[in-house]
Amino acid sequence: MEKVAKDVGDIQSRLLDHRPVISAEVRYFVREFEEKRGLRESRLLENLNKMVQEANEQMLPSNLEEMSQKLSDISKRLEAANHMAERVQQRELEAQQNTGLQANMEKLKEDWAEFLKEQQRLKEEVDEEHAKAVGELSSRFSEKKKDLAQFSL
């Protein structure tokens, strides 16, 4: 029984525990990489480092000059826009403070509302008169029809 348990434990460790195999593969990969590719990769890294340093030395100053120039242009535009916005705010503030104008506007609104009500009332009167006139004409025409019918008999 003890041998069976030991064999089962060995089988389990081989099937489920992959650490020894993985560590061996890692060691093999590192050794291969260092032997075959180490010099080529280090040369590539050195070349990249030189290119980055050259770009920093040559391109950075010109880019900084362009950026500072564009930033000063943007700053000037922002100041102009800010000044214009302040002027608009000032005008609006002056318009709001002018209470006489506001009172006149309110009075005009009230007068307009009253005018519309009066127009509506007049329209209703005209409609009533028209309806009465139509009724009277209808009755007259019906009477005339009756009279005409009597004379034609």
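So, here's what we can say about the structure.

What counts, and at which threshold
- Residues numbered from 1 in each chain as written.
- Predicted model: local features only at pLDDT ≥ 70, side-chain atom pairs only at ≥ 80, totals over all residues.
- Heavy atoms only, no water.
- Helix = DSSP H or I, 4+ residues; strand = E, 2+ residues; numbered from the N terminus.
- Rg over C-alpha atoms; globule rule 2.2 N^0.38 Å.
- Buried < 20%, exposed > 50% of the residue type's maximum accessible area, 1.4 Å probe, protein only.
- Areas by Shrake-Rupley, 256 points an atom, 1.4 Å probe, with all protein chains shown as cover.
- Lys, Arg positive; Asp, Glu negative; His and termini not counted.
- Charge placed at Lys NZ, Arg CZ, Asp CG, Glu CD.
- Salt bridge = Lys/Arg side-chain N within 4 Å of Asp/Glu carboxyl O.

Okay, the overall build of the chain next. Within the chain one finds three helices and zero strands. Mapped from its N terminus to its C terminus, the chain presents α and β elements in the order α-α-α. For 153 residues, the compact-globule estimate of 2.2 N^0.38 gives 15 Å, and the C-alpha radius of gyration of the chain, at 51 Å, exceeds that figure by more than 25%. Its C-alpha atoms give the chain principal-axis dimensions of about 140 × 70 × 35 Å. Sorting the 153 residues of the chain into buried and exposed places 1% on the buried side. In the structure as shown, the chain presents an accessible area of about 15000 Å², 58% of it carried by carbon and sulfur atoms. Looking at the chain, you have 26 positive and 32 negative side-chain charges, and the mean spots of the two groups are 6 Å apart.

Before going further, it helps to examine the pattern of salt bridges. Taken as a whole, this structure holds four salt bridges when the rule is applied. Across the pair E118 and R121 runs a salt bridge whose closest N-O atoms are separated by 2.3 Å. Note that E118 and R121 are positioned in helix α3 (residues 99–152) at a spacing of three residues, about one turn of the helix. Of the charged contacts, one joins D127 and K123 as a salt bridge, the two residues approaching to 3.8 Å between their closest N and O atoms. A residue pair is termed a helical-turn pair when its members lie 3 or 4 positions apart in one helix, as D127 and K123 do in helix α3 at four residues. By relative accessible area, D127 is classed as partly exposed at 40%.

Relative to the assigned elements, A149 resides in helix α3. When its relative accessible area of 39% is taken as the criterion, A149 is described as partly exposed.

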